[in-house]
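The primary structure of each chain is shown beneath.
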Amino acid sequence: MKILVVMTAKATLHLLDGEQHPSGFWAEEFVVPYQLFTGAGHTVDVATIGGAVPTVDQTSVDAAFLQWVRPQGSEDNDAANAAEYLRVIADAPQLRAPIALESLGEKDVADYDGIYVSGGHGAIGDLPKSDELAQILRWALAQDKPLATVCHGHTSLLALRDGEGRWPFEGYRMTAFSHSEELVTNMAGRLPLILEAELTRLGARYEKAEAIWDSHVVVDRRLTTGQNPYSSRAMAETFLRQLEQG
């Protein structure tokens, strides 16, 4: 099968106080699904706005930070994980020459079996502002393609509207990076949007894990959503099962 992975092209995020905060894509949210997709024998293409080479958020490969936010009860392998993320990112040819989202047409979308939108705070800065990405996702919905997002990848869904001006995911159960999790980041109170609040405002039936950083995945119809970086594996495994079901 053939999977399109959409990623942010932003290396910084403009915060409400004017700071250009270093950002980008979150390593685990690309690496873990990428390894599962390619390990299952599937073809993976990466696409960004303008075909720009994506930037990894350095916090996401900082072993000390990963230790601080690790879910309770998980294994203490943060340094090994960070090293593995960096290795995969360096070796993935798709990251060195992404497809420009603007170059994809309806027939191109039809060639993919599913679309996965990776996350990272950088996604807030460009994914919800791309008319071309909104059109790609609109085509995917019309073609009944499985979609998956994790963490801040859900920002890609915010600008979508149907022919009557309604958000096509109104009434869907979904999860995303929670307000509780945002409050313990160093950008708390300075972000241009809070994803949990935006999804709820648009009509999503939002849900989350009982504890911050715990893995949580929700499936509603053809949409698979993961709450946070630590949901990446379960989200990708669930998405693969949807692809296999056709």
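Scoring rules and cut-offs
Residues numbered from 1 in each chain as written. Predicted model: local features only at pLDDT ≥ 70, side-chain atom pairs only at ≥ 80, totals over all residues. Heavy atoms only, no water. Pairing = 2+ DSSP bridges. Helix = DSSP H or I, 4+ residues; strand = E, 2+ residues; numbered from the N terminus. Contact = heavy atoms within 4.5 Å. Axes fitted to C-alpha atoms, helices over the stretch in contact; angles between N-to-C directions. Buried < 20%, exposed > 50% of the residue type's maximum accessible area, 1.4 Å probe, protein only. Core = buried A, V, L, I, M, F, W, Y, C linked by side-chain atoms within 4.5 Å. Patch = residues over 30% accessible without salt bridge, like charges linked within 9 Å, V, L, I, M, F, W, Y side chains within 5 Å. Areas by Shrake-Rupley, 256 points an atom, 1.4 Å probe, with all protein chains shown as cover. Salt bridge = Lys/Arg side-chain N within 4 Å of Asp/Glu carboxyl O. Left-handed = near helix turned anticlockwise from the far one by under 90°. Nonpolar A, V, L, I, M, F, W, Y, C, P; charged D, E, K, R; others polar. Expected span 1.5 Å × (residues − 1). Arc of directions from axis to C-beta.

Caption draft 1: Representation of the sheet that holds strand E10 (residues 217–220) in the model. With respect to topology, seven strands assemble into an open sheet ordered E5-E4-E1-E6-E7-E11-E10, the strand pairing being mixed. Of all the strands in the sheet, the pair left with one neighbour each is strand E5 (99–100) and E10. The sheet contacts of helix H1 (residues 27–39) involve strand E1 (2–6), strand E4 (43–48), strand E6 (114–117) and strand E7 (147–150), and relative to E4 the element is tilted by about 150°.

Caption draft 2: Highlighting unusual backbone geometry. Positive phi outside glycine occurs at Asp-144, with the angle close to 60°. Looking at the element boundaries, Asp-144 is found in the loop between helix H7 (131–142) and E7. A residue is classified by how much of its surface remains accessible, and Asp-144, at 47% relative accessible area, is partly exposed. Even without being a glycine, Cys-151 presents a positive backbone phi close to 60°. Tracing the chain through its elements places Cys-151 in the loop between E7 and strand E8 (173–174).

Caption draft 3: Expanded view of the nonpolar core. Counting residues in each nonpolar core, the largest one holds 38 residues, and the members touching the most others are Val-6, Ile-115, Trp-167, Phe-169, Met-174 and Leu-199. Counting residues per element, the ones that place at least two in this core are E1, E6, helix H6 (123–126), H7 and helix H9 (195–202). Ranked by the residues each element gives to this core, the list is headed by H7, at six residues. Apart from the residues lying within four places of it in its own chain, the contact partners of Phe-169 are Leu-141, Leu-147, Leu-157, Leu-160, Met-174 and Leu-223. Core analysis: the second largest hydrophobic core is formed by 35 residues, Val-5, Phe-25, Leu-36 and Phe-239 among them.

Caption draft 4: Representation of a nonpolar patch on the surface. A grouping of Leu-183, Val-184 and Ile-212 is seen on the molecular surface, where their side chains present a nonpolar patch of about 230 Å² in accessible area. Accessibility expressed as a relative area gives 33% for Ile-212, which makes it partly exposed.

Caption draft 5: Quick peek at the pattern of salt bridges. Tallying each qualifying case throughout the model produces nine salt bridges. Across the pair Asp-144 and Arg-222 runs a salt bridge, and its minimum N-O distance is 3.5 Å. One end of the pair, Asp-144, is in the loop between H7 and E7; the other, Arg-222, is in the loop between E10 and strand E11 (223–226), with 78 residues separating them in the sequence. With a relative accessible area of 23%, Arg-222 lands in the partly exposed category. When salt bridges that share partners are traced, they join Asp-17, Glu-19 and Arg-190 into one network.

Caption draft 6: The arrangement of the pairing of E7 in detail. The side-chain alternation of E7 yields two buried faces, one formed by Leu-147 and Thr-149 and the other by Ala-148 and Val-150. Relative to E7, E6 is paired through three bridges, and the arrangement is parallel. Note that in E7 the partner of Val-117 across the bridge is Thr-149. Both E7 and E11 contribute to a ladder of four bridges, which runs parallel. The residue of E11 that forms the bridge with Thr-149 is Thr-225.

Caption draft 7: The packing of H1 against helix H10 (residues 232–245), seen in detail. Interaxial distance between H1 and H10 falls to 9 Å at its minimum, and their mutual angle equals 35°. Like other packed secondary-structure pairs, H1 and H10 cross with a definite hand, here right-handed. Contacts between H1 and H10 involve Glu-28, Glu-29, Val-32, Pro-33, Leu-36 and Phe-37 from the first element and Ser-232, Arg-233, Met-235, Ala-236, Glu-237, Phe-239 and Leu-240 from the second. Along the lines of polarity and charge, the residues of the contact of H1 with H10 split into eight nonpolar, one polar and four charged.

Caption draft 8: Helix H3 (residues 78–91), seen in detail. Between its first and last C-alpha, H3 extends 20 Å over 14 residues, near the 20 Å set by a 1.5 Å rise per residue. Among the residues making up H3, those that are buried are Asp-78, Ala-82, Tyr-85, Val-88 and Ile-89. All buried residues of H3 lie within an arc of 130° about the axis, which places them on one face of the element. In H3, the exposed residues that point more than 90 degrees away from the buried face are Ala-79 and Ala-80.

Nothing here speaks to function; it is geometry throughout.
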